[in-house]
Amino acid sequence: MAQSAKTDEGCWNKLNLQFVQHPSSDLASRGHLLLQGEKEERHAPTPSMTAYLLKRLAIAFATLVLASMVVFAVLEVLPGDPARLMLGMNASADQVELLRNQMGLNAPLVLRYLHWAGGLLSLDFGRSYTYSVPVIDLVRERLAVSLPLALIALALSTIIAIPVGLYSASRRGRAGDTISMGVAQLGVAVPNFWFALMLIYIFAVWLRLVPAGGFPGWAAGAWPALKSLLLPAVALALPQAAILARVTRSALIEVLNEDYIRTARAKGLPYRAVLWRHALRNAMIPVLTILGLQFAFLLAGTIIIENVFYLPGLGRLVFQAITQRDLIVVESVVMLLVAAVIAVNLVVDLSYAVVDPRLRTRQ
Amino acid sequence: MRLWKTILAAAVLALAAGSQAFAARTDLVIGIPLEPPHLDPTAGAAAAIKEVLYANVFEGLTRIGPNGEVLPDLAESWTISDDGKIYTFKLHTGVKFHDGADFGADDVKFSLDRARADNSVNAQKGLFAAIDKVEIIDPATVKVTLKNPQGSFLYNMGWGDAVMVSPKSADTNKEKPVGTGPFKFQNWAKGSSITLVKADHYWGAPVFLDKVEFRVVPDAAAYVPALLSGDIQAFPFFDPDSLAQVKDDPRFKVVIGSTEGETILAINNKKPPFNKLQVRQAISYALDRKAIIDGASAGLGLPIGSHMSPANKNYVDLTGLYPHNIDKAKELLKEAGLENGFKATLKLPPPSYARLGGEIIASELRDVGINLEIIPVEWAQWLDQVFTKKDYDLTIVSHTEPNDIDIYSRKDYYFNYDNPTFDKIIADLNLTSDEAKRKELLGEAQKILADDAVVGFLYELPKIGVWDAKLQGLWENAPIQANDLTKVKWSE
């Protein structure tokens, strides 16, 4: 018994560590493992596993190709001409035509698609029409803001949500549960730009602890840069935490009704230990699924918060590119995001397969 | 012991405060709503490019002053031949570009020839259309020969699109602008800010600021907290709706000035029933400019009766021609055979003057029987559908270029307006440099546009500036797209 408890504890530590680093699927697989009530053991890749892997990779690639076609086609039918946008209302039609030629916009659609898609394969994302710099440079600059911001927000949201969810689930139906879930409901309902403005007025205007907005760049030092990301991260994290807390609570409550929880209690484990050691880890799968979705959202869907804090993030790059019809930027960034989502899904799928051999052969 | 500590601390504080009071601030952070797509004023129409670089980093032969007047800049003087066709510019000597290259007559020739070349993508190529040839007389003298006399030539040379660039850096100005101005470009953190610093060895009057940062703040909701927290000290183009929050705050100055932005209800003059004069006049009678200014612009901005800014010296007040009169409007529609009214579309680009003004105008026109379907469009769509393809009935837009009444004489312009008498006046105007004669012609031109009710003339876009009360020297008006910082300083 002592032995098993120790292993469990080691496992929990490892879990915790991974959790902070990345909500990867390995974690999900462990949760899954325990849910199945199986013994923890690692499967070495077998021939069938390799085949499964290849199949999944092929599907992922096909999805990417299909997505690239859809993205390209949809954006190309948008009305609007980047050349006219750049030259404004006083330029003649001839001049606009000249610039279109210089930008390579007059080539046939299929040719442009092949050129762009071919470039993507060799990781060449093309050049921005308006900025006339490589798209990859723009993306890299913006990721320097968006990635840390997303990670901080995600960490904050997890740190808040998991304990709240745990607390609520363990006090289901009692006052503490009602209050914390009421607050969570409020967190979901409050528009985050309003919440952001309140944060700005309190912490930037009144207390003057942090800047009201802007991003000084990492070159200005880690602390000034981090400081400017704090308020936006809190503004982003709170609504996410509210959702996550509710998911954690309901997942936990479901798990707590399982037979093996009763068994664990029956064999004499204290309620706390059951909650942390058995219930929480098994409730992790839906929580992690939500976390994964939230991460994708935080990376590029934060345009409103980026605007309120005038942060140069990925969301604003895409938004600006759309209004300026800098289509190559939009197309390439969207493809990058598609690739990121597919990659995360692939890893999750594969880890499920590692855990559950039945998935490898199922059609 | 404790007393000593207190005294010491007080002394240190007093010293610190004292030394601070002696040295006025020399840095400034300015908030701008839109980021420039690149930093070459000779290769793009975006106002944001000039609003960062004009007069600060780049200079032209002439320049436009705070009230729209033409002033000498890199050309210290000039002579004009009697036939008005030859301009001989005498240049300042000892002028250097920020990369160390000397500025001289060859750069003038290069810049002007580049702007008017066949493959030029200068957004205001029309400014150079009259130039026949540019010749170097000596390193400090340039002779520009025009195809025909052009009354506005010196003014044209003061535009941001006509600034002087060096052959060495012209191709890289988009990323790393190199000019002759009092500030040089230091850094562009894309999406975030552009930093300029005082240039060494500037040829002209020294500037007061050492460092200026233009910070991009796209959301008007962020303006007030940015000012209150002190992060940003000036918004030359503030949002009218947020004005109430800072208006009575003694820490800030609110400056309402004029722009060259004629805000109009543009009409497709060829599309029935708008091809009928009575219909266009009926629309003009139906418009209540005061209500539109109150609703779309927080009550700020002057009504206009034709295509000219009230701040312009050639302005003629024609706002009384079509007073708000619903009965008169209905009568005119009846004359046009449309007593039962008709339906039309109103396409609105994103700026709030258009979106807010559009709703008010739609309700005003409904009162006379014209039912408008409001179609919001993006800028890109607007330029494509309305401006280029002329696929529209009515739209609202502000024409922000200075002295642009000639757009009504352009062939294929989106108004679809064609009046030979008006075209003749503009053609004459182009050949006239005598000020009195120009004023007369411009007056006639304004009158014709008003009589023809070519478009619904609404109001002049105001320039709403808000900045720290201790800041001096920022432009009150916007006669041209610019944030000229050459005279800006902190008081005390």
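Residues numbered from 1 in each chain as written. Chains lettered and ligands numbered in written order. Predicted model: local features only at pLDDT ≥ 70, side-chain atom pairs only at ≥ 80, totals over all residues.

1. Describing the overall build of chain A
Logical step 1: Per the secondary structure count, chain A includes 17 helices and 0 strands.
Logical step 2: The buried share among the 363 residues of chain A stands at 38%.
Logical step 3: A fraction of 71% describes how many contacts in chain A between residues 6 or more apart in sequence connect residues 24 or more apart. (Helix = DSSP H or I, 4+ residues; strand = E, 2+ residues; numbered from the N terminus. Buried ≥ 20, exposed ≤ 12 C-beta atoms within 10 Å, placed from the backbone. Contact = placed C-beta atoms within 7 Å.)

2. A few points about the interface of chain A and chain B
Logical step 1: Listed by partner, the interface residues are 42 residues for chain A and 37 residues for chain B.
Logical step 2: Of all the elements in the fold, those that place two or more residues in the side of chain A that touches chain B are helix H4 (82–87), helix H5 (93–103), helix H7 (135–170), helix H9 (192–206), helix H14 (303–308) and helix H15 (314–323) of chain A.
Logical step 3: Ranked by the residues each element gives to the side of chain A that touches chain B, the list is headed by H9 of chain A, at 5 residues.
Logical step 4: For the side of chain A that touches chain B, a count of residues per class yields 22 nonpolar, 13 polar and 7 charged. (Nonpolar A, V, L, I, M, F, W, Y, C, P; charged D, E, K, R; others polar.)

3. Details of the packing of H7 of chain A against helix H8 (residues 175–189) of chain A
Residue and element names in this part refer to chain A.
Logical step 1: It is at 8 Å that the axes of H7 and H8 come closest, and there the two elements cross at 140 degrees. Our pair here, H7 against H8, has a crossing hand that is left-handed. Where H7 abuts H8, its residues Val164, Tyr167 and Ser168 lie against Gly176, Asp177, Ser180 and Met181.
Logical step 2: Here the contact of H7 with H8 is built from residues that sort into 3 nonpolar, 3 polar and 1 charged. (Axes fitted to C-alpha atoms, helices over the stretch in contact; angles between N-to-C directions. Left-handed = near helix turned anticlockwise from the far one by under 90°.)

4. Notes on the environment of Asp138 of chain B
All names here are of chain B.
Logical step 1: With respect to the helices and strands, the residue Asp138 is situated in strand S6 (residues 131–138).
Logical step 2: The class for Asp138 is exposed, based on 10 C-beta atoms found within 10 Å.
Logical step 3: Measuring from C-alpha to C-alpha, the distance between Asp138 and Ala105 comes to 6.9 Å, with 33 residues separating the pair along the chain.

5. So, the nonpolar core
Logical step 1: Grouped together as the largest cluster of nonpolar side chains are 213 residues, with contacts concentrated most on Leu87 of chain A together with Leu227, Phe235, Leu265 and Ala282 of chain B.
Logical step 2: Counting residues per element, this core draws most heavily on helix H10 (residues 222–256) of chain A, which supplies 15 residues.
Logical step 3: Both domain 1 (69–122) and domain 2 (135–362) of chain A contribute no fewer than three residues apiece to this core.
Logical step 4: Setting aside chain neighbours within four positions, we find Leu227 of chain B in contact with Ile232, Phe235, Val246, Phe252 and Val466 of chain B. (Core = buried A, V, L, I, M, F, W, Y, C linked by C-beta atoms within 7 Å. Domains from an automatic or database assignment.)

6. As for the domain arrangement of chain A
All names here are of chain A.
Logical step 1: Taken as a whole, chain A is organised into domain 1 (69–122) and domain 2 (135–362).
Logical step 2: Placing the centre of domain 1 and that of domain 2 at their C-alpha centroids yields a distance of 36 Å.
Logical step 3: Contacts between the two partners involve 9 residues from domain 1 and, on the opposite side, 8 residues from domain 2.
Logical step 4: The biggest single contributor to the side of domain 1 that touches domain 2 is helix H3 (residues 47–76), with 3 residues.
Logical step 5: For the side of domain 1 that touches domain 2, the per-class residue count stands at 7 nonpolar, 1 polar and 1 charged.

7. Focus: the pairing of strand S8 (residues 183–189) of chain B
All names here are of chain B.
Logical step 1: Of the pairings in the sheet, the one linking S8 to strand S9 (residues 193–198) comprises 6 bridges and is antiparallel in character. Pairing of Lys184 across the sheet is with Val197, part of S9.
Logical step 2: The turn linking S8 back onto S9 is made up of 3 residues, and Gly191 within it adopts a positive phi angle of 85 degrees. (Pairing = 2+ DSSP bridges.)

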